[in-house]
Amino acid sequence: MNVLETLITEFARLPGVGRKTAQRLVYHLLQQPRERMETLAAAIAGVAERVHPCAECGQPTEDAVCDICRDPRRDAGLVCVVEEPSAVAVVERSGAFRGRYVVLGGRLSPLDGIGPDALRIDLLGRRLAGGDVREVILATNSSLEGEATATYLQQVLAGHPGVRVSRLARGLPVGGELEYVDGVTLTHALTAREELR
Amino acid sequence: MRAIDLVIRSFRNLADATLDLPESGVALVGPNGHGKTNLLEALAYPVLFRSVRGSADREVGRFGGPGFHVAVRYAAGSTVAATYFAAERRKRITLDGEEQATVSAAIGRWLAVGFFPTDLALVQGGAAERRRWLDRMLSLADRTYLDALLRYRGALAQRNAALRAADLAAADAFNPALARAGSTLASRRRDWVASAIQLWQAELAGLGELAAVTLRYKGDDALIDADAWDERLRASHQRDLARGQTHVGPHRDDLVLSLSGHTLRHYGSTGQQRSAAVALRLLELETLATARGVRPALLVDDVFAELDHDRQRRLATRLVSRPGQRIVTAPRGEDIPRELDLPRWQVQDGMIRHVLSEAA
């Protein structure tokens with residue numbers, strides 16, 4: 001395979017990018033000045049070289065420990081468990097969480113050969129061993145595999161009776177209309193309804 | 001519900017065509033192996049977006065071709081279409097021209113019930129045949145069932161993969177999902193059987209079977225309750241681990257058909273078995289009509305030749321007694337009972353011609 005083909009194939013491996021889009025991206029790059037391509041190549045090489053998982057939470061960082069884990073203002077008693085680093089960014093954007101994270105690096109999917117050992121559950125164990133943790137929020141996705149991961153972690157956490165375990169609530173989207181909500185979501189919303197008086 | 005027109009491209013041996021289908025239906029006549037069943041298969045494809053014969057998509061396209069395309073317009077402005085791209089092994093499904101992200105979003109918009117000679121396997125075959133039939137029908141009748149079925153299959157596949165990897169803790173992590181979806185399947189199937197027994201008996205009586213027939217759902221009653229699953233699954237741990245598969249759940253149940261206290265599968269005559277299979281299809285038709293509030297179209301593939309004269313006449317009468325479009329096939333015109341008075345089309349070498357008006 002020539003270099004052009006190699007690059008197209010590599011782009012096409014990215015999530016959400018098909019072969020056609022990959023071709024368009026590569027032909028677009030070819031029309032750019034040479035420095036643009038070199039900057040991109042250097043950025044990719046730099047990330048490959050310098051970025052690694054944070055020793056405490058597992059999210060990508062250039063340092064040994066990431067900014068969030070080093071921040072003394074964050075509540076060490078609250079731990080939010082997510083599947084991927086992208087979820088950290090989403091929770092951070094909400095500004096509603098001031099605790100720390102554990103990024104599992106995936107979700108339980110035996111069909112894809114991903115068992116508990118492939119996830120960074122050890123990081124959660126280490127946080128719990130510290131003794132400061134009051135609550136663990138399981139914020140894995142509400143997909144089949146995300147739910148199973150949460151169920152599995154519940155079993156792991158059964159060995160820590162002093163720690164509160166919670167799951168993100170599922171229900172109506174803010175600003176959403178009732179008639180467009182699917183049955184499963186509505187069932188959850190009804191089960192987890194809030195008392196007003 | 002009726003097909004107004006059907007577009008076929010590169011489908012099996014059929015010549016590319018756009019066919020306007022008469023409102024009452026049509027009788028397709030022609031030698032075996034020339035494409036009559038393929039045409040019914042094309043009409044049935046956009047119901048569940050898979051071959052009713054159980055063929056893989058790559059086998060449905062014309063041999064050595066780029067894939068296939070089939071579209072059915074079933075009401076003014078309502079068209080379901082499927083295009084299969086063989087090179088990419090990709091299927092594109094559209095509703096009124098708009099691409100659908102999932103197959104399940106488009107399932108059952110267009111409804112047709114098929115009567116095929118291979119239906120005999122519903123009675124003669126193993127439990128898997130009847131489960132597949134139940135799942136197909138109830139998925140089309142009820143959206144909740146389809147959603148539960150997809151979740152159940154996903155959870156079961158994951159759980160079994162974990163069992164094969166000898167990881168019991170990971171396997172059990174899928175138990176809650178399995179229990180939620182599985183209890184829905186078990187209870188809906190039972191409810192349906194309870195509501196369908198009388199109608200099945202009436203259909204069989206109408207086909208001339210006088211012996212007492214019954215329909216019974218065979219499975220663990222307790223599994224209707226999602227809370228009962230955990231105990232059952234844990235009790236099955238050793239067996240599950242040893243075999244690398246889950247032994248608890250509706251994927252192991254059966255629909256038992258019996259006649260005078262004996263299973264039709266083992267003790268019925270071939271004639272009785274054929275009648276029972278036809279009656280199951282008539283039951284499917286009524287179930288869908290009631291659940292969906294529309295009459296599905298009927299696709300009847302050369303089933304008359306398999307029945308004796310009396311059963312032929314009776315089946316024809318029962319088909320005619322229900323309103324709706326009927327697409328019927330037979331090798332020769334005289335194989336179609338006189339009760340089914342339909343325009344005739346000739347199918348030869350994959351080509352479809354409107355002819356034989358003299359026989360009508």
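The rules behind the values
Residues numbered from 1 in each chain as written. Chains lettered and ligands numbered in written order. Predicted model: local features only at pLDDT ≥ 70, side-chain atom pairs only at ≥ 80, totals over all residues. Heavy atoms only, no water. Helix = DSSP H or I, 4+ residues; strand = E, 2+ residues; numbered from the N terminus. Rg over C-alpha atoms; globule rule 2.2 N^0.38 Å. Buried < 20%, exposed > 50% of the residue type's maximum accessible area, 1.4 Å probe, protein only. Areas by Shrake-Rupley, 256 points an atom, 1.4 Å probe, with all protein chains shown as cover. Lys, Arg positive; Asp, Glu negative; His and termini not counted. Charge placed at Lys NZ, Arg CZ, Asp CG, Glu CD. Contact = heavy atoms within 4.5 Å. Pairing = 2+ DSSP bridges. Axes fitted to C-alpha atoms, helices over the stretch in contact; angles between N-to-C directions. Domains from an automatic or database assignment. Buried area = accessible area lost by both parts, 1.4 Å probe.

### What to know about the overall build of chain B
Move 1: Helices and strands together make up the secondary structure of chain B, namely 12 helices and 15 strands.
Move 2: For a compact globule of 360 residues, the expected C-alpha radius of gyration is about 21 Å, and chain B comes in at 22 Å, within 12% of that figure.
Move 3: When its C-alpha atoms are laid out on the principal axes, chain B stretches across 70 × 55 × 35 Å.
Move 4: Here chain B, with 360 residues, has 56% of them falling under the buried criterion.
Move 5: As presented, chain B carries roughly 15400 Å² of accessible surface, and 49% of it is formed by carbon and sulfur atoms.
Move 6: Between the centroid of the 49 positive side chains of chain B and the centroid of its 43 negative side chains there is a distance of 2 Å.

### Here we look at the overall build of chain A
Move 1: A tally of helices and strands in chain A yields 8 helices and 6 strands.
Move 2: When the elements of chain A are put in sequence order from the N terminus, they spell out α-α-α-β-β-α-β-α-β-α-β-α-β-α.
Move 3: Relative to the globule expectation of 16 Å for 197 residues, the C-alpha radius of gyration of chain A, 21 Å, shows a markedly less compact shape.
Move 4: Per-residue burial for chain A yields a buried fraction of 34% across its 197 residues.
Move 5: Here the analysis covers contacts within chain A between residues at least 6 apart in sequence; of these, 46% occur between residues at least 24 apart.
Move 6: Within the structure as shown, chain A displays about 12700 Å² of accessible surface, and the carbon and sulfur contribution to it stands at 54%.
Move 7: Between the centroid of the 23 positive side chains of chain A and the centroid of its 26 negative side chains there is a distance of 2 Å.

### Section: the sheet that holds strand S14 (residues 344-348) of chain B
Residue and element names in this part refer to chain B.
Move 1: Taken in spatial order, the 6 strands line up as S8-S12-S13-S3-S14-S15 in an open sheet, and their pairing is mixed. What marks the edges here is a single partner per strand, and that holds for strand S8 (112-115) and strand S15 (351-354). Sheet twist, expressed as the average angle between the axes of neighbouring strands with direction ignored, equals 20°.
Move 2: In the sheet, strand S3 (residues 25-29) pairs with S14 via 3 bridges, with the strands oriented parallel. Across the sheet, the residue bridging to valine 29 is glutamine 346, located in S14.

### Overview of the domain arrangement of chain B
Residues and elements named next belong to chain B.
Move 1: If you check the domain split of chain B, you get domain 1 (1-111 + 294-360) and domain 2 (117-289).
Move 2: Here domain 1 and domain 2 have C-alpha centroids that lie 28 Å from each other.
Move 3: Across the contact, 24 residues belong to domain 1 and 24 residues belong to domain 2.
Move 4: At the boundary of domain 1 with domain 2, total buried surface from both sides reaches about 2100 Å², with 61% on carbon and sulfur atoms.

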